[in-house]
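Fold and geometry: a report
Letter by letter, the chains look like this.
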Amino acid sequence: RVGVPRMAGLNDGDSAPVATRSSAAGTTNGAHAQQVEFPMMTAERARMYQTAFEQLDTGNRRMVSGTACFGTFMQSGLSKGALKDIWDVVAGQSAELNGHQFIQCMYLIDWVKARGPGAVVPKALPAQFPPGDALALGGGQEQ
């Protein structure tokens, strides 16, 4: 069974490096994009997410369905609404995730969990998300 790993620096009180990225979340009437801070993702964290993806990708298709991800994502303790918001910002109307998108979802799940009740999922993500140079593990920028 695949668990949702905790993010070092988010849940443990560690002081991880932080990358400030601009997100379109919360913009109204031409207001400037809100600044959202996303901690850098370590290679270790990316490997944990990649391992979870590989365990779900039983057909070695380099894609996993929403149904396959559901149990793993629900283990996070986030509401179905929050998980839907995360899916929507990462994958839109797609029924599947590639490796990079799965890593994005897992990162956002941990990011939202770390902020506690009432945390809001950004409405848009920066081009290089999550921050860190470990993205190659997730299959690149495939869509």
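Shown above is the structure to which this text applies.
What counts and how
- Residues numbered from 1 in each chain as written.
- Predicted model: local features only at pLDDT ≥ 70, side-chain atom pairs only at ≥ 80, totals over all residues.
- Heavy atoms only, no water.
- Axes fitted to C-alpha atoms, helices over the stretch in contact; angles between N-to-C directions.
- Helix = DSSP H or I, 4+ residues; strand = E, 2+ residues; numbered from the N terminus.
- Parallel < 35°, antiparallel > 145°, perpendicular 65-115°, else oblique.
- Left-handed = near helix turned anticlockwise from the far one by under 90°.
- Contact = heavy atoms within 4.5 Å.
- Nonpolar A, V, L, I, M, F, W, Y, C, P; charged D, E, K, R; others polar.
- Phe/Tyr/Trp six-rings, centres within 6.5 Å; stacked < 30°, edge-to-face > 60°.
- Buried < 20%, exposed > 50% of the residue type's maximum accessible area, 1.4 Å probe, protein only.
- Core = buried A, V, L, I, M, F, W, Y, C linked by side-chain atoms within 4.5 Å.
- Disulfide = S-S within 2.5 Å.
- Expected span 1.5 Å × (residues − 1).

In contact at an axis separation of 9 Å, helix H1 (residues 43-56) and helix H4 (residues 99-115) are set at 120° when each is read in the N-to-C sense. Regarding the angle of H1 to H4, the classification is oblique. In the crossing of H1 with H4, the sense of the turn from one axis to the other is right-handed. Contact residues: Ala 46, Tyr 49, Gln 50, Ala 52, Phe 53 and Leu 56 in H1; Gly 99, Phe 102, Ile 103, Met 106, Tyr 107 and Asp 110 in H4. Broken down by class, the residue content of the contact of H1 with H4 amounts to nine nonpolar, two polar and one charged.

Another point: the packing of aromatic side chains. Summed over the entire model, instances satisfying the criterion amount to six aromatic pairs. Where Phe 38 meets Tyr 107, the ring centres are 6.2 Å apart and the plane angle is 55°; that geometry is what we call tilted. A residue pair is termed long-range when its members are at least 10 positions apart, and Phe 38 in strand E2 (residues 34-39) and Tyr 107 in helix H4 qualify at 69 residues. As far as the burial class goes, Phe 38 and Tyr 107 line up, both buried. A centroid spacing of 4.8 Å and a plane angle of 75° characterise the contact between Phe 38 and Phe 129, whose relative ring orientation is edge-to-face. One end of the pair, Phe 38, is in strand E2; the other, Phe 129, is in the segment after H4, and 91 residues separate them in sequence. With respect to burial, Phe 38 and Phe 129 carry one shared label: buried.

This part takes up the nonpolar core. Phe 73, Ile 86, Leu 97, Phe 102 and Leu 108 are the most contacted members of the largest nonpolar core, which has 31 residues in total. Broken down by element, this core gets its largest block of residues, nine residues, from H4.

Below, the discussion takes up the state of the cysteines. With the rule as written, the count across this model stands at zero disulfides. Of all cysteine sulfurs, the one in Cys 105 lies closest to Cys 69, which takes part in no disulfide; the gap is 7.1 Å. Taking relative accessible area as the criterion, Cys 105 reaches 0% and is therefore assigned buried.

Further remarks concern H4. Residue pairs spaced three or four apart in an α-helix point in one direction, given the helix's 3.6 residues per turn. Helix length check: H4 (17 residues) gives 25 Å between terminal C-alpha atoms against 24 Å at 1.5 Å per residue, within 8%. Counting buried positions along H4 gives 14 out of 17 residues, so the element sits mostly inside the fold. Where H4 terminates, the next one or two residues include Gly 116, which has phi positive at roughly 80°.

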